[in-house]
Amino acid sequence: MNDDRLPPVAPEVTATLVENLSPRLRKRLDAAVTKLGARPTHRDGDTVTIQVDDETELRLHAPGGVVATADAITCGCLLAPACVHRAAAACAAPTADPPPDLADRPTGAAPEPASAADPAPVPDSASSPSSQEVASPAQRAAADALWSAGAAVLEAGIDGAGAVTQSALLRAAHTARIRHLPRAAGAALSVVTLLRAARAGDPSYRTADFVTALAELLGTAHRVGTASGAELDAARGRARRPYSPDGSLRLYGLFTEPVVTDSGHGGVRTWVAGTDGRLFTVGDVAPGGVGRAVGVADRAVRLGDTALTHRELGRAGLAVSGATVSPDGRLGAGKGVKAVTARGAAWTELPLDALWETPPSEQAARALRFTSRYADPDGGGSDLLFLDVELIGAVRESAGTCLLALSDSGIAVRLTVADDDPALAHRDNLMLLAAAPGTRLRIIGRLVPAPHPRLTLLACAHPTGGGTIDLGLDRLRRADLPDPAAPVHPAPPQPGGPGAHSPLYLLERRVEQTVSAGRAALGMLGDVTAETRRIRRAGLPTAAGLLTALCTSAAQRERDLFGRLLPADTDSFATHWLTAALYTAAVADSLCAAAWEPVREGPAAEPSVPDRGPGRAVAQTAQH
């Protein structure tokens with residue numbers, strides 16, 4: 001059976017079915033999920049039938065595409081409705097997204113399908129009454145349940161976090177959602193989705209993504225119980241991302257990029273800038289994959305009365321009245337929005353030229369506030385950088401070939417492709433540019449957080465004259481390149497910076513090892529003195545202390561008066577793990593920002609944990 005063929009099941013339905021199983025059947029649940037996965041399925045309208053055996057059928061009824069009640073899953077076996085089959089089917093199916101009126105939309109989530117109307121703004125009180133100084137008792141109880149469910153995942157590790165553990169997460173997520181904690185509820189659903197992907201051997205699964213999701217869950221749950229005021233509002237999150245009125249805007253096109261997501265969506269996003277330098281986007285993303293991404297670039301923009309296509313808007317301008325804008329800069333397309341075509345501006349003309357005048361270090365710091373693993377979902381900004389560079393040549397890496405360039409500020413930057421799909425032009429264009437060392441270009445790239453300067457290359461000025469190139473859509477030819485010139489630098493500079501050879505990975509790998517194998521595996525490591533000594537020598541004493549505390553907490557087990565082992569202190573271990581996870585992310589951000597700074601003499605001080613992001617109070621314990 002292919003899980004993708006099953007209709008999504010509401011989180012509370014899965015939780016209810018698992019909770020109703022007897023203890024004996026709960027022990028058999030994971031095996032039942034695996035066994036059910038090998039059985040054939042058949043879809044007839046809104047109903048999917050699974051052939052459990054020669055005589056028994058299991059049906060999932062999904063009106064509207066979602067299994068919304070426990071009664072919608074029926075089984076024909078003799079033990080039904082108390083059988084293991086119904087719960088196994090719910091656990092094998094994808095988890096349904098929360099209803100639109102309560103769904104959290106964190107930055108970086110799957111793009112919304114294009115719509116001609118804006119989402120209706122929802123007042124803050126719909127998700128988290130801002131008049132409350134602290135969380136309500138019900139919200140604190142919901143946050144405690146989320147913390148306990150997340151700590152149980154950390155205790156068991158991926159291999160041990162089966163259907164019962166996932167069910168506890170789903171129940172906690174549902175409770176959090178109805179208690180108006182959409183951010184934490186969304187994090188819990190992300191943990192379940194990644195857990196299932198890891199256990200199923202999904203090739204797209206990355207342990208780093210799971211660490212981020214679990215730390216977001218634990219950190220947000222912790223903040224709900226301790227924060228107040230604006231920090232509490234951020235921890236609660238918003239039920240829907242609001243579009244706020246922004247009056248009249250004069251916009252200038254920058255470029256258009258193709259968008260292809262793992263969920264099968266495809267389309268484009270066109271970037272424009274206002275007279276004050278603010279960046280906005282106009283998107284058209286819907287199910288369709290890379291084929292749709294290539295085709296939709298030449299469709300008309302859905303904004304007011306303009307007849308411009310996305311590709312044309314990237315080089316033209318707009319005058320917009322009645323504009324509405326989301327916190328992440330998306331322009332709304334509601335009925336009250338009026339837009340007409342206007343003159344654009346070259347990248348060398350104001351107001352666009354000013355984007356390249358900001359020092360790269362300031363641009364990188366601004367982008368990091370947007371791309372940080374634990375950034376506020378309602379925060380604004382973008383992850384784009386605007387640089388003037390000289391191309392040096394191709395550099396081979398373990399993941400493939402990238403293009404090395406030297407910025408006007410003397411920083412060596414590695415430029416990589418945004419998408420390797422051959423239907424897009426990214427890879428071919430980068431290889432052509434790599435064959436033109438000495439060429440000077442004005443470029444736009446997306447920051448890749450790394451201990452050395454790194455961008456995905458999105459757009460550039462035409463190498464031999466006027467105009468710009470959307471590097472994912474427009475294909476360069478050799479005739480577009482200048483005659484080969486000898487590079488100014490005979491030996492390509494190598495990216496460096498204070499974090500280029502940082503041993504921070506020694507702590508990061510223990511953080512990742514915990515989520516993979518659970519607390520017990522980390523507790524059996526034994527002496528980590530050699531690792532902590534190396535970390536201290538690199539000027540990261542706090543990281544060394546966190547590694548020692550994490551491993552000590554993992555191995556610590558108390559005994560009762562009769563010498564029997566007592567249950568492990570999962571809360572204490574989860575706190576140590578969360579502190580280490582947030583600390584490594586904060587230091588990684590600091591090292592990335594430092595790599596974009598002008599080179600300074602002398603040893604660098606240990607980066608500090610930023611005073612922001614989920615779990616701030618927990619992360620600050622790393623400083624002691």
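Up top you'll find the structure we're talking about.
Below is a summary of the structure that appears in this document. Note that the structure is a prediction, hence the values are computed from the model and not measured. (Residues numbered from 1 in each chain as written. Predicted model: local features only at pLDDT ≥ 70, side-chain atom pairs only at ≥ 80, totals over all residues. Heavy atoms only, no water.)

**Comments concerning the packing of aromatic side chains**
Okay, step 1: In this structure the tally under the stated criterion is three aromatic pairs.
Okay, step 2: With centroids separated by 6.3 Å and ring planes inclined at 10°, the aromatic side chains of Phe255 and Trp271 adopt a geometry described as stacked. Note that Phe255 is positioned in strand S5 (residues 244-260) and Trp271 in strand S6 (residues 265-274), a separation of 16 residues in sequence. The residues Phe255 and Trp271 share a single accessibility class, namely buried.
Okay, step 3: Put simply, the rings of Trp347, Trp356 and Phe386 touch in pairs and so form one group of aromatic residues. (Phe/Tyr/Trp six-rings, centres within 6.5 Å; stacked < 30°, edge-to-face > 60°. Helix = DSSP H or I, 4+ residues; strand = E, 2+ residues; numbered from the N terminus. Buried < 20%, exposed > 50% of the residue type's maximum accessible area, 1.4 Å probe, protein only.)

**A few points about the sheet that holds strand S4 (residues 73-75)**
Okay, step 1: Here four strands make up an open sheet; going across it, the order is S1-S2-S3-S4 and the pairing antiparallel. Strands with a single pairing partner mark the edges of an open sheet, and in this sheet they are strand S1 (41-44) and S4. The mean inter-strand angle of the sheet, taken between neighbouring strand axes irrespective of direction, is 20°.
Okay, step 2: In the sheet, strand S2 (residues 47-51) pairs with strand S3 (residues 57-61) via five bridges, with the strands oriented antiparallel. Note on S3: the bridge partner recorded for Thr47 is His61.
Okay, step 3: Strands in contact with helix H3 (residues 84-92) are S2, S3 and S4; relative to S4, the strand with the most contacts, it is inclined by about 140°. (Pairing = 2+ DSSP bridges. Axes fitted to C-alpha atoms, helices over the stretch in contact; angles between N-to-C directions. Contact = heavy atoms within 4.5 Å.)

**What to know about the pattern of salt bridges**
Okay, step 1: Taken as a whole, this structure holds 32 salt bridges when the rule is applied.
Okay, step 2: Residue Arg278 is joined to Asp246 by a salt bridge in which the shortest nitrogen-to-oxygen separation is 2.9 Å. Placement of the pair is Arg278 in the loop between S6 and strand S7 (279-287) and Asp246 in strand S5, with a sequence separation of 32 residues.
Okay, step 3: Of the residues examined, Asp246 reaches a relative accessible area of 24% and is grouped as partly exposed.
Okay, step 4: Here the salt bridges share partners, and the residues they tie into one network are Asp298, Arg311, Arg315, Asp470 and Asp474. (Salt bridge = Lys/Arg side-chain N within 4 Å of Asp/Glu carboxyl O.)

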